[in-house]
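One-letter residues, chain by chain:
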Amino acid sequence: MENALQFALNIIKTYGADIVWIAVLFFLGRGILKIIVKRMVKLISEGDEQKPAAEKRAKTLGHIIVATGNIVIYVIILLMVLGLFGVDITPILAGAGIIGLAVGFGAQSLVKDFVSGLFILIENQYSVGDRVKIGSSEGKVVKISMRSTILRDDEEKTYYFSNGSINNVVNLSQGGKSN
């Protein structure tokens, strides 16, 4: 017990200031990320006539950006702590690059689905509750995720579409009103 306490005190004495700075950067980074996303959500939802749908879409995008940003912050902080304790992070970064490349080749369709889902949400092509026609299937949109869209037709059949495979959509709920 006394050895563990002595070890902890030595770490605090040696690396205390650096650990405090890393903690400050961690909380500052997360705070700035949340402020930026809040402002982005506010700007997106204010600039759209369909207020509730725009707010929902903006909040969905905000959650995705915060989750991705948090992962980036955690990885950076972890690498800073490892570097602080003398661990050479160069092989870790090189290995992460190679793994990222391999995953990127293996997950091309997943990335395509994700990017397509992002554009569906940003461009407001359709929303949950809209009646749409995708390919030869027509129905009400039950769910939209970053990866897929789910439709239910009048006969209660459920259709699952990966967002990357959706080429053309006819939104039957968005009327052709002209000004």
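Please refer to the structure placed before this passage.
Residues numbered from 1 in each chain as written. Predicted model: local features only at pLDDT ≥ 70, side-chain atom pairs only at ≥ 80, totals over all residues. Heavy atoms only, no water.

Asker: Even after reading the chapter, I still don't get helix α4 (residues 108–122), so can you show me in this structure?
Answerer: Since the α-helix turns once every 3.6 residues, residues separated by three or four places project in the same direction. Here α4 contains 15 residues, and its C-alpha end-to-end distance of 21 Å stays within 8% of the 21 Å for a straight helix at 1.5 Å per residue. By the burial criterion, the buried members of α4 are D113, G117, I120 and L121. The buried residues of α4 occupy an angular sector of 90° when projected down its axis, which confines them to one face. Positive phi shows up at N124, right after α4, with a value of about 55°. (Helix = DSSP H or I, 4+ residues; strand = E, 2+ residues; numbered from the N terminus. Expected span 1.5 Å × (residues − 1). Buried < 20%, exposed > 50% of the residue type's maximum accessible area, 1.4 Å probe, protein only. Arc of directions from axis to C-beta.)

Asker: So what exactly am I meant to see when it comes to the sheet that holds strand β5 (residues 169–171) here?
Answerer: Neighbouring strands of a sheet are bound in pairs by backbone hydrogen bonds; such pairs are parallel or else antiparallel. Reading across from one edge, β4-β3-β2-β1-β5 is the order of the 5 strands in this open sheet, with antiparallel pairing throughout. Edge positions in the open sheet fall to β4 (158–162) and β5, since each of these has one partner strand only. The mean angle between the axes of side-by-side strands here comes to 40°, regardless of whether they run parallel or antiparallel. (Pairing = 2+ DSSP bridges. Axes fitted to C-alpha atoms, helices over the stretch in contact; angles between N-to-C directions.)

Asker: Teacher, can you tell me more about the packing of aromatic side chains here?
Answerer: To describe a pair of aromatic rings, one takes the distance between the centres and the angle between the planes. Applying the stated criterion across every chain, the model contains 3 aromatic pairs. Plain terms: the ring middles of Y15 and F85 are 4.8 Å apart, the flat faces sit at 70° to each other, and that makes the pair edge-to-face. Placement of the pair is Y15 in helix α1 (residues 2–46) and F85 in the loop between α2 (51–84) and α3 (90–106), with a sequence separation of 70 residues. A relative accessible area of 23% means that Y15 is categorised as partly exposed. Among the residues examined, F85 registers a relative accessible area of 38% and is labelled partly exposed. When the ring of F26 is compared with that of F27, the centres are 5.0 Å apart and the planes differ by 75°; the resulting orientation is edge-to-face. Classification of F26 by relative accessible area gives buried; the value is 15%. (Phe/Tyr/Trp six-rings, centres within 6.5 Å; stacked < 30°, edge-to-face > 60°.)

Asker: Got a minute to help me understand unusual backbone geometry in this structure?
Answerer: Most of the time, phi is negative for any residue but glycine, and the peptide bond is trans. The backbone phi angle of N124 is positive, close to 55°, even though this residue is not glycine. Within the secondary structure layout, N124 lies in the loop between α4 and β1 (131–134). The phi angle at E156 is positive, at roughly 65°, despite the residue not being glycine. Among the secondary structure elements, E156 is positioned in the loop between β3 (148–152) and β4. Accessibility expressed as a relative area gives 56% for E156, which makes it exposed.

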